[in-house]
Amino acid sequence: NQTKQNEKKKLTDEELNKYYLANSDKYKEPTKYKVREIQVEDNSTAERVIQQSKKVDFESLASKYNIRQETKGNNGLLGYISQKQYGRIGQVAASLKIDQVSAPIKTGNTYSVIKLLDVRDAYLPLFENAKNKVKSDFDRNFRKNKLDIWQQSLRNDVKIAIYHAHLETALN
C-alpha cells in the first residue's frame, strides 16, 4: 500500500501548465455568436418577419412572433452559441455580420430567422481558469497510461495456450 501511495503523483502547477500548453487545442474556447432567434411555424411567416425587421426592432418582432418556448420569455435571445450548436442556426450565425438578419432557416417542422448581435473570438482561457479541468484530464491520462502499461506487462508475462483437443472433448 505504501508503494501505491508513493506512485501517486503530486502535481505541481508547473507540470500542469506544461500539460495545458501541450494540449491547448483541447482547452480552446470556440468563437461564440450572440444570437436572437424568431422561430415561426412556416416559411411565409419567416419571410414576413424578415421584411418587418427592416422597419421594426428585431426584439419586438421576437416578442410577437417567436414560438420557441425556451426563449419566449427573453424575446428570442439564444445568447452566445458556437457554430456547432443548434444545427443550421449555429452555422448560419457564423456566416452573418453583426446586426445582419438571416434568410429563413428550416429547423425540423419550423423555420427560424436569426439576427447576429455580437461575436466573441475564439481564445485560450487562462491556465488558472482551466486548471481544474487540466488536472482532471492529466489524472485521467496518467491512470490510462498506467493501465495500458500494466495490461501490456500482463500480455507479455502470461502465456496463453489453447488446447484444441480439450476444447473438443469439453464441447462434445
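Data block above holds the structure.
Throughout this description, residue numbers start from 1 for each chain and increase along the sequence as written. Local features are withheld for residues below a pLDDT of 70 in this predicted model, meaning they are given only at 70 or higher, and side-chain atom pairs are given and counted only at 80 or more; totals for whole chains, interfaces and linings count all residues. With hydrogens and water excluded, all non-hydrogen atoms of the structure serve as input to the side-chain values.

A. Region of interest: the overall build of the protein. Per the secondary structure count, the protein includes 9 helices and 4 strands. Against the globule reference of 16 Å for 172 residues, the protein gives a C-alpha radius of gyration of 27 Å, more extended than a compact globule. Burial status follows relative accessibility: with a 1.4 Å probe on protein chains alone, a residue under 20% of its type maximum counts as buried, one over 50% as exposed, and anything between as partly exposed. Here the protein holds 172 residues, and the buried ones make up 28% of them. A total of about 12,300 Å² of accessible surface is found on the protein, and carbon and sulfur atoms cover 49% of it. Averaged over its 31 positive side-chain charges, the protein has a centre that lies 1 Å from the centre of its 22 negative ones. Elements are defined by DSSP. Helices are runs of H or I of four residues or more, strands are runs of E of two residues or more, and each kind is numbered from the N terminus. The atom set for the radius of gyration is the C-alpha atoms, and the globule formula is 2.2 Å times the number of residues raised to the power 0.38. Using a 1.4 Å probe, the Shrake-Rupley method yields the accessible areas, and only the shown protein chains count as cover for residues. For this count, His and the chain ends are skipped, Lys and Arg are scored as positive, and Asp and Glu as negative. Taken as the charge centre is NZ of Lys, CZ of Arg, CG of Asp or CD of Glu, depending on the residue.

B. Layout of the pairing of strand 1 (residues 32–40). Of all 9 residues that make up strand 1, 7 are buried, and the element is covered over most of its length. With 5 bridges joining them, strand 1 and strand 2 (residues 77–82) adopt antiparallel strand pairing. Paired with R36 across the strands is L77, a residue of strand 2. Two strands make a pair as long as DSSP finds a minimum of two bridges between them. Pairing of strand 1 with strand 4 (residues 110–120) involves 9 bridges; the strand directions are antiparallel. The residue bridging V40 from the neighbouring strand is Y111, located in strand 4.

C. Looking closely at the pairing of strand 4. Pairing of strand 3 (residues 105–107) with strand 4, which is carried by 3 bridges, proceeds in the antiparallel orientation. Bridged to K106 within strand 4 is Y111. Hairpin remark: strand 3 followed by strand 4, antiparallel, with 2 residues in the connecting loop; positive phi at G108, about 65°.

D. Spatial organisation of the packing of helix 2 (residues 13–22) against helix 8 (residues 127–157). Each axis is a line fitted through C-alpha atoms, taken for helices only over the stretch in contact, and angles between the N-to-C directions span 0 to 180 degrees. In contact at an axis separation of 9 Å, helix 2 and helix 8 are set at 85° when each is read in the N-to-C sense. Between helix 2 and helix 8, the angle is such that the two are roughly perpendicular. Between helix 2, through D13, L16, N17, Y19 and Y20, and helix 8, the contact on the second element is made entirely by F127, E128, A130, K131, V134, K135, D137, F138 and N141. Looking at side-chain class alone, the contact of helix 2 with helix 8 contains 7 nonpolar, 2 polar and 5 charged residues. Any angle between 65 and 115 degrees counts as roughly perpendicular, while under 35 counts as roughly parallel, over 145 as roughly antiparallel, and the rest as oblique. Working rule for contacts: check all heavy atoms of both residues, and any pair within 4.5 Å makes them a contact. Classes in brief: Ala, Val, Leu, Ile, Met, Phe, Trp, Tyr, Cys and Pro nonpolar; Asp, Glu, Lys and Arg charged; the others, Gly included, polar.

E. Local environment of the sheet that holds strand 4. One open sheet holds the 4 strands; their spatial order is 2-1-4-3, and the pairing between them is antiparallel. Two strands lie at the open edges of the sheet, namely strand 2 and strand 3, each paired on one side alone. The sheet shows a mean angle of 45° between the axes of neighbouring strands, taken without regard to direction. Packing of helix 4 (residues 43–52) onto the sheet brings it into contact with strand 1 and strand 4, and relative to strand 4 it is tilted by some 35°.

F. Highlighting the packing of aromatic side chains. Only the six-membered ring of Trp is used, alongside the rings of Phe and Tyr, when aromatic pairs are assigned; centres must lie within 6.5 Å, and planes under 30 degrees apart are stacked while those over 60 apart are edge-to-face, with the rest tilted. Tallied over the entire structure, the rule returns 3 aromatic pairs. When the ring centre of Y80 is taken as reference, the NZ or CZ atom of R120 above it lies at 3.7 Å. Look at NZ for Lys and CZ for Arg. If either is within 6 Å of the ring centre and within 35 degrees of the ring normal, a charge sits over the ring.

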